[in-house]
Amino acid sequence: MTVLVLGGAGYIGSHAVDRLIENGYDVTVIDNLITGHRASINKKAHFYEGDIRDEKFMNSVFDKEDIEGVIHFAAFSVVPESMKDPLKYFDNNTGGMIKLLEIMNDHNVKKIVFSSTAATYGEPKQIPIKETDPQVPTNPYGESKLAMEKIMHWADLAYGIKFVSLRYFNVAGAKDNGSIGEDHNPETHLIPIILQVAAGERDQLSIFGDDYPTKDGTNIRDYVHVIDLVDAHILALKYLSKGNDSDAFNLGSSNGFSNKEMLDAARKVTGKEIPAVMAPRRAGDPSTLIASSDKARNVLGWNPQYDDIEEIIKTAWNWKQQHSNGYEN
Ligand code: UDP
């Protein structure tokens, strides 16, 4: 039996593949390599290059491999891009999910762990955000993922495909030894951009907005280490294997850091000056996102190990120093 990881060549997917293999799982990876990197995939995984929307290709993998469950990371995830090109997001993310569930049902694969997002909540009504809070996305990325959650709900009722939706807050850091890490092109995420400035690859950081209703006017986010995050996926697989019901869980640290605080923490970790300027707000950004992750701790038994933002940034900096051009060197 094998665990199928869709999007296993991406930032989070590659850490999940690696961690599953470390935990003794047999792993199959599907990735179209549009944003993923072949070099990030643990060599022990069986890798198939192809697109989730390609029915013939997907059927061939499901025919060949004895799949016990699916972990689904394969999606576009850049908020500003989704504002400019929403249909790209609904096509790949939401459309891809419909195709995937059809194929799972045809092959009698009835377990899926899904990478959802805090962006499904939109501007929160209360902090910390609970799983039962209203989901009103402020951008097409969040909307595409919310639609995927809803589609899985109805597919569960109709076909008995059980799912766990894991709603990520801000994922950061890299494997401790720096062998895999975050490499997007173009990079849009805060920590890797800050570290590009620290490494002298960019002149300065632009902080998007300093007029939000927060303590220092900049956005507040909740950062969770990528290894803690992928461990929750393994727990979710076990949860489904025990015959539990479909459910959704937030994954965050329950601590919020402002963009200015993140910059200060990175200056401390790297010992670099890291020039920064204030810039206008970025469209689609909610002011504050902080998770309540009590449910994941209580129900899944999740016990995140990284509770210090500087430690998290340190692992990202370690990866960055070993891979100045990402996976290209
Ligand atoms: N951000 C920023 N400058 C950048 C990139 C990001 O000020 O060059 C801010 C962004 O507006 C948000 C926070 O950093 O408030 C985290 O953004 P990121 O894109 O990393 O993750 P998101 O919260 O969108 O998932």
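On a predicted model such as this, the values are computed, not experimentally measured, just so you know.

Asks: For this particular structure, what's the right way to read the site of the ligand?
Replies: Taken together, 14 residues lie around the ligand, and L190, S206, N219, R282 and D285 are the ones closest in. Between N170 and the ligand, the recorded distance is 3.0 Å, taken from a side-chain N or O atom to an oxygen atom. In this structure, an oxygen atom belonging to the ligand sits 2.8 Å away from a side-chain N or O atom of R282. Considering the ligand on its own, with 510 Å² of exposed area, one finds that the protein chains cover 88% of that surface. Take the shell around the ligand: its biggest share by element is four residues, from strand β8 (residues 205-208).

Asks: Where do I start with the nonpolar core in this structure?
Replies: The tendency in soluble globular proteins is for nonpolar side chains to be buried side by side. Ranked by size, the top nonpolar core spans 60 residues in total, and within it I12, L166 and I313 carry the most contacts. For this core, the leading source of residues is helix α7 (residues 226-241), giving ten residues. Excluding residues within four positions of it along the chain, I313 makes contact with I191, L195, M262, A265, A266 and V269. Core analysis: the next-biggest nonpolar cluster, separate from the first, contains 25 residues, I103, V109, A155 and F163 among them.

Asks: What is the right way to look at the packing of aromatic side chains in this model?
Replies: Counted by the stated rule, this structure contains five aromatic pairs. Between Y121 and F169 the ring centres are 6.5 Å apart and the planes differ by 35 degrees, which places this aromatic pair in the tilted class. Note that Y121 is positioned in the loop between β5 (111-117) and α5 (140-159) and F169 in the loop between β6 (162-168) and β7 (170-172), a separation of 48 residues in sequence. Residues Y121 and F169 agree in their burial class; the two are buried. Judged by centre distance (4.9 Å) and plane angle (50 degrees), the ring pair of W319 and Y327 falls under tilted. In this structure W319 comes out as buried when scored by relative accessible area, which is 4%.

Asks: Explain the packing of helix α2 (residues 55-64) against helix α4 (residues 86-106) to me, please; I cannot follow it from the model alone.
Replies: Helix packing geometry: the angle between the two helix axes and the distance between the axes. Closest axis-to-axis distance for the α2/α4 pair is 10 Å, and the angle between their directions is 35 degrees. In this structure, α2 meets α4 at a crossing whose hand is right-handed. For the pair formed by α2 and α4, the contact residues are E55, M58, N59 and F62 on the first element and K99, L100, I103 and M104 on the second.

Asks: In this structure, what is going on with helix α1 (residues 11-22)? I would like to understand it.
Replies: Look at α1: 17 Å from first C-alpha to last across twelve residues, which is about the 16 Å you get at 1.5 Å a residue. Taken across its twelve residues, α1 has ten buried, putting it largely inside the fold. Among the structural elements, β1 (2-6), β2 (27-31), β4 (67-72), β6, β7 and α7 are those in contact with the buried residues of α1. Where α1 terminates, the next one or two residues include G24, which has phi positive at roughly 90 degrees.

Rules used throughout
- Residues numbered from 1 in each chain as written.
- Predicted model: local features only at pLDDT ≥ 70, side-chain atom pairs only at ≥ 80, totals over all residues.
- Heavy atoms only, no water.
- Near = heavy atom within 4 Å.
- Polar contact = N/O pair within 3.5 Å; in protein donor to acceptor, adjacent residues only side chain to side chain.
- Areas by Shrake-Rupley, 256 points an atom, 1.4 Å probe, with all protein chains shown as cover.
- Helix = DSSP H or I, 4+ residues; strand = E, 2+ residues; numbered from the N terminus.
- Core = buried A, V, L, I, M, F, W, Y, C linked by side-chain atoms within 4.5 Å.
- Buried < 20%, exposed > 50% of the residue type's maximum accessible area, 1.4 Å probe, protein only.
- Contact = heavy atoms within 4.5 Å.
- Phe/Tyr/Trp six-rings, centres within 6.5 Å; stacked < 30°, edge-to-face > 60°.
- Axes fitted to C-alpha atoms, helices over the stretch in contact; angles between N-to-C directions.
- Left-handed = near helix turned anticlockwise from the far one by under 90°.
- Expected span 1.5 Å × (residues − 1).

None of this, on its own, says anything about what the molecule does.
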